[in-house]
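Spelled out, the chains give:
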Amino acid sequence: MNVRMAFLARAAAAAIAAAVAFFPGVFATAQQVDMNVVDQPGYVPTPEEQQLNGAYERQEVFFRATEPPGTVLIDTNNRFLYLVQPNNRALRYGIGVGRDGFQWQGVEKISRKQEWPDWRPPPEMIERQPYLPRFMAGGPGNPLGPRAMYLGKTIYRIHGTNQPQTIGHAVSSGCFRLVDDDVIDLYDRVPVGTKVIIKQAVQL
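Residues numbered from 1 in each chain as written. Predicted model: local features only at pLDDT ≥ 70, side-chain atom pairs only at ≥ 80, totals over all residues. Heavy atoms only, no water.

Student: Could you clarify how one ought to interpret the pattern of salt bridges in this entry?
Tutor: Once their charged atoms are close, side chains differing in charge can pair, the charge on each being opposite to the other. Under the defined criterion, the tally for this structure stands at five salt bridges. Residue Arg189 pairs with Asp185 through a salt bridge whose shortest N-O separation is 2.8 Å. Pair noted here: Arg189 and Asp185 are both in helix α5 (residues 180-189), with a separation of four residues, about one helical turn. For Asp185, a relative accessible area of 16% puts it in the buried group. (Salt bridge = Lys/Arg side-chain N within 4 Å of Asp/Glu carboxyl O. Helix = DSSP H or I, 4+ residues; strand = E, 2+ residues; numbered from the N terminus. Buried < 20%, exposed > 50% of the residue type's maximum accessible area, 1.4 Å probe, protein only.)

Shown next as structure tokens:
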């Protein structure tokens, strides 16, 4: 009986490992350990640092959605942004999301797009990190990266980041961050007026 139980335990462990390998997004939340990081205005990451691998690398995935192609869906729990494509497909991007207490849900539209946006840290960020500049002009090393897409009349944006190591983690003040290549790719694909749905979890 003990031998049988040991065999079943090993089989179950192998099945879980295989599932994590083949369906990383489903298990991402359980594996995440959110980072205690500070912003680094002026830091310019290397191309190697900006290169994502594994689940958070930009990729086309199967995605059955009721929303029309061109819609953006944000899965806060699993740290993914989906751009719906035709024929049950979507482009999936790895993202960083709001830290505990700064996560939110809702439906917005992209109200404005900006290349090399200026950065004005919100009061909550200044309170946590009083040494931050109150203003930083757009350019390399700017924490908003090379592109920003503003969400309705909120203070939140989808933007780049000079901290690629934070992708897959909850570290922001409510914005959604992508590595620079990904935010440029998304920026070029979505026009002003694009519908953006923010959820805690997206059903595939």
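Student: Is there a simple way to think about the side chain of Asp182 in this case?
Tutor: Here Asp182 shows up in helix α5. A residue is classified by how much of its surface remains accessible, and Asp182, at 5% relative accessible area, is buried. Only 2.6 Å separates the side chain of Asp182 from the side chain of Arg58, close enough to count as a polar contact. Sequence-distant contacts of Asp182, defined by excluding residues within four places in its chain, comprise Leu52, Arg58 and Tyr93. (Polar contact = N/O pair within 3.5 Å; in protein donor to acceptor, adjacent residues only side chain to side chain. Contact = heavy atoms within 4.5 Å.)

Student: I keep staring at the packing of aromatic side chains and nothing clicks. Help me out?
Tutor: Aromatic ring pairs are described here by two measures, namely the spacing of the ring centres and the angle between the planes. By the definition in use, this model includes five aromatic pairs. A centroid spacing of 4.6 Å and a plane angle of 25° characterise the contact between Phe63 and Tyr82, whose relative ring orientation is stacked. With Phe63 in the loop between β1 (59-62) and β2 (72-75) and Tyr82 in strand β3 (residues 80-85), this pair connects stretches of sequence that are 19 residues apart. Residues Phe63 and Tyr82 agree in their burial class; the two are buried. Seen from their ring centres, Trp104 and Tyr156 are 4.8 Å apart, and the 25° between their planes marks the pair as stacked. In this pair, Trp104 sits in the loop between β5 (97-98) and β6 (106-115) while Tyr156 sits in the loop between β7 (147-151) and β8 (157-159), placing the two residues 52 residues apart along the sequence. What links up through ring pairs into an aromatic cluster is the set Tyr56, Phe63, Phe80 and Tyr82. Across from the ring centre of Phe80, 4.2 Å away, lies the NZ or CZ of Arg92, which sits over that ring. In this structure, Arg147 packs its charged tip against the face of Tyr187, placed 5.4 Å from the ring centre. (Phe/Tyr/Trp six-rings, centres within 6.5 Å; stacked < 30°, edge-to-face > 60°. Lys NZ or Arg CZ within 6 Å of the ring centre and 35° of its normal.)

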